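Structural characterization, general
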Amino acid sequence: MLRALLVIIIIVGAVSLMVFGPQYLRTLQSEPAASAQDTAADVCDLSGGPCQWSGSGDGWQVSLERRNPDAPEQLALRVKAPADALPEGALVAVLSGHSMYMGEYPVPLQANGGAYVAEFEAPLCSQDPDMAWTLALQSGQQALPLPMNPVFRTRH
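An account of the accompanying structure is given in this report. (Residues numbered from 1 in each chain as written. Predicted model: local features only at pLDDT ≥ 70, side-chain atom pairs only at ≥ 80, totals over all residues. Heavy atoms only, no water.)

Digging into the side chain of Ser-96
The line we're drawing: Think of it this way: any DSSP run of H or I at least four residues long counts as a helix, any run of E at least two long counts as a strand, and we number them from the N terminus. When accessible area is computed with a 1.4 Å probe and restricted to protein chains, residues below 20% of their type maximum are described as buried, those above 50% as exposed, and intermediate ones as partly exposed. Whether two residues are in contact is decided by their heavy atoms: any pair within 4.5 Å suffices.
You can see Ser-96 is positioned in strand β5 (residues 91-97). We classify Ser-96 as buried; its relative accessible area is 19%. Setting aside residues no more than four positions away along its own chain, Ser-96 makes contact with Gly-103, Glu-104, Ala-132, Trp-133 and Thr-134.

See the structure below:
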């Protein structure tokens, strides 16, 4: 009797795994690519043009320019910010994978005539020719709160 009950429990468990297992695994695989923060309202695509928002006084603007059409990973970043909006310390743009995690890459920005600029090459993924990156700003070790997530794409 106990042996028959154990066999039935094992069979029901195996059938449940076959029915619900693939759906559960698909859910786990799709969660890192899209988080609760990533809604259409708070993502700004730098590949389509600059991201702008108002802060204290003047507004902010983050823009990205491709320096060489033959090398789309060579980029120039420009950040314009109100002088009173930035805390003391160096300004750094931190790139992190938006479409897949590839670590974080700091890009130091240099002050240049009322703006902060940097030229850099975006890291490339050997598995996927299209890569989406999220850009965050830091002043020293302090992350600056942004009202949107600036993202851009690279292709190799």
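Examining the nonpolar core
One broad rule of soluble globular proteins: the nonpolar side chains tend to lie buried together. Selection rule: Each nonpolar core is a collection of buried residues, namely Ala, Val, Leu, Ile, Met, Phe, Trp, Tyr and Cys, held together in the definition by side-chain atoms within 4.5 Å.
Judged by nonpolar contacts, the single largest core of 27 residues is most densely connected at Leu-77, Val-79, Leu-109, Phe-120, Leu-135, Leu-137 and Phe-152. For this core, the elements supplying multiple residues, two or more each, are β2 (51-54), β3 (59-68), β4 (71-80), β5, β8 (115-121) and β9 (130-139). Beyond its immediate stretch of four places on either side in the chain, Val-79 contacts Trp-60, Gln-61, Val-62, Leu-91, Leu-109, Ala-115, Tyr-116 and Leu-137.

Brief notes about the packing of aromatic side chains
Spelled out, the test is: Two rings from Phe, Tyr or Trp (for Trp, the six-membered ring) form a pair when their centres sit within 6.5 Å of each other. Planes less than 30 degrees apart are called stacked, planes more than 60 degrees apart edge-to-face, and all others tilted.
Using the criterion set out here, one finds three aromatic pairs in the structure. Relative to Phe-152, the ring of Phe-120 has its centre 6.5 Å away and its plane inclined at 70 degrees; by these criteria the two rings are edge-to-face. Of this pair, Phe-120 sits in strand β8 while Phe-152 sits in strand β11 (residues 149-155), and the two are 32 residues apart along the sequence. Taking the relative accessible area as the measure of exposure, Phe-120 reaches 11% and is therefore buried.

Considering the pairing of β9
Each regular strand shows side chains that alternate between the opposite faces of the sheet. Our working rule: Strand pairing follows a simple DSSP-based rule, namely that at least 2 bridges must link the two strands.
Buried residues dominate β9, accounting for seven of its 10 residues. As paired strands, β9 and β11 are joined by five bridges and run antiparallel to one another. Its bridge partner lying in β11, Asp-130 is registered against Arg-155. Bridging between β9 and strand β10 (residues 142-143) involves two bridges; their strand directions are antiparallel. Directly across from Ser-139, in β10, lies its bridge partner Gln-142. What sits between the antiparallel neighbours β9 and β10 is a turn of two residues, in which Gly-140 has the positive phi angle 65 degrees.

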